[in-house]
Amino acid sequence: MPRKAATPSTKDALLDEFQALVSDTEKLLQHSASLAGEQAEALRDDIRSSLDRARDTLHKAESSLREQGKIAVDATEDYVHKHPWQALGLSAAIGLVLGLLISRR
């Protein structure tokens, strides 16, 4: 089963959301001293909106990663059930290599 990497558009969207969040926060810090009343409220609303978008994007990315993890676990379980001796041999080989590496320290 081929690996399904995170799509560049997902990464780009997440990066864009956080860049917008940082930009809006910087704007708030720069203008907070000079703004009063409606201007400050409008800027706070923009920041809240950016935070909500970033939070939504994070939740979508989290659910996507959970789904991909479940697919990987299911594929691994299928492989181990279909090829138990190869899985056992691979596990033993990995254990041997890790044991050798640990014992060298």
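Definitions and limits used
Within each chain, residue numbers correspond to sequence positions counted from 1 in written order. Whole-chain, interface and lining totals are the exception, using all residues; otherwise, since this is a predicted model, local features are given only for residues with pLDDT of at least 70 and side-chain atom pairs are given and counted only at 80 or more. Only hydrogens and water are set aside when side-chain values are computed; all heavy atoms of the structure are taken into account. UniProt positions are given in the numbering used here, feature names are shortened, and annotations may be inferred rather than shown by experiment. Secondary structure counts use DSSP, requiring at least four H or I residues in a row for a helix and at least two E residues in a row for a strand, with both numbered from the N terminus. In this scheme, a residue with accessible area under 20% of its type's maximum is buried, one over 50% is exposed, and one in between is partly exposed, where area comes from a 1.4 Å probe on protein chains only. Residues are treated as being in contact if the distance between any of their heavy atoms lies within 4.5 Å. Here, Shrake-Rupley sampling with a 1.4 Å probe gives the accessible areas, and only protein chains in the shown set may cover a residue. To estimate how far a helix should reach, multiply one less than its number of residues by 1.5 Å. Two joining distances apply to patches: 9 Å for like charges and 5 Å for nonpolar side chains (Val, Leu, Ile, Met, Phe, Trp, Tyr), and every residue must have over 30% relative accessible area and no salt bridge. What counts as a salt bridge is simple: a side-chain nitrogen of Lys or Arg found within 4 Å of a carboxyl oxygen of Asp or Glu.

The chain is annotated in an unreviewed UniProt entry as DUF883 domain-containing protein of Ectopseudomonas toyotomiensis. Recorded in UniProt under Sequence similarities (unreviewed entry), the annotation for the chain is "Belongs to the ElaB/YgaM/YqjD family." Looking at the chain in UniProt, the text filed under Subcellular location (unreviewed entry) is "Cell inner membrane".

1. So, the overall build of the chain
If you tally the helices and strands in the chain, you get 3 helices and 0 strands. Ordered by position from the N terminus, the helices and strands of the chain form the series α-α-α. Looking at the chain as a whole, 11% of its 105 residues qualify as buried. Contacts spanning at least 24 positions in sequence make up 65% of the contacts within the chain whose residues lie at least 6 apart. Counting every atom, the chain has about 8,800 Å² of accessible surface; 61% of that belongs to carbon and sulfur.

2. Concerning the UniProt feature "transmembrane region" (unreviewed entry) in the chain
The UniProt record annotates "transmembrane region" (unreviewed entry) at residues 85–103. The span residues 85–103 is 100% helix and 0% strand, and its two end C-alpha atoms sit 27 Å from each other.

3. Some remarks on the UniProt feature "domain: DUF883" (unreviewed entry) in the chain
Mapped onto the present numbering, the UniProt feature "domain: DUF883" (unreviewed entry) falls on residues 12–62 and 76–105. A distance of 31 Å separates the end C-alpha atoms of residues 76–105, which is 93% helix and 0% strand.

4. Quick word on helix α2 (residues 38–82)
The end-to-end C-alpha distance of α2, which contains 45 residues, comes to 66 Å, matching closely the 66 Å that a straight helix rising 1.5 Å per residue would cover. For α2, the set of buried residues is Ala 40, Leu 43, Ile 47, Ser 50, Ala 54, Thr 57 and Ala 61.

5. Regarding a nonpolar patch on the surface
Among the surface-exposed residues, Leu 90, Ile 94, Val 97, Leu 98, Leu 101 and Ile 102 lie close enough to one another that they form a single nonpolar patch of about 590 Å² accessible area. Mapping Leu 90 onto the fold places it in helix α3 (residues 84–104).

6. A look at the environment of Thr 25
Position of Thr 25 relative to the elements: it lies in helix α1 (residues 8–31). Thr 25 gets classed as partly exposed once you look at its relative accessible area, which sits at 33%.

7. A few points about the side chain of Thr 57
Note that Thr 57 resides in helix α2. By relative accessible area, which is 17% here, Thr 57 ends up buried. Sequence-distant contacts of Thr 57, defined by excluding residues within four places in its chain, comprise Ala 13, Leu 14 and Glu 17.

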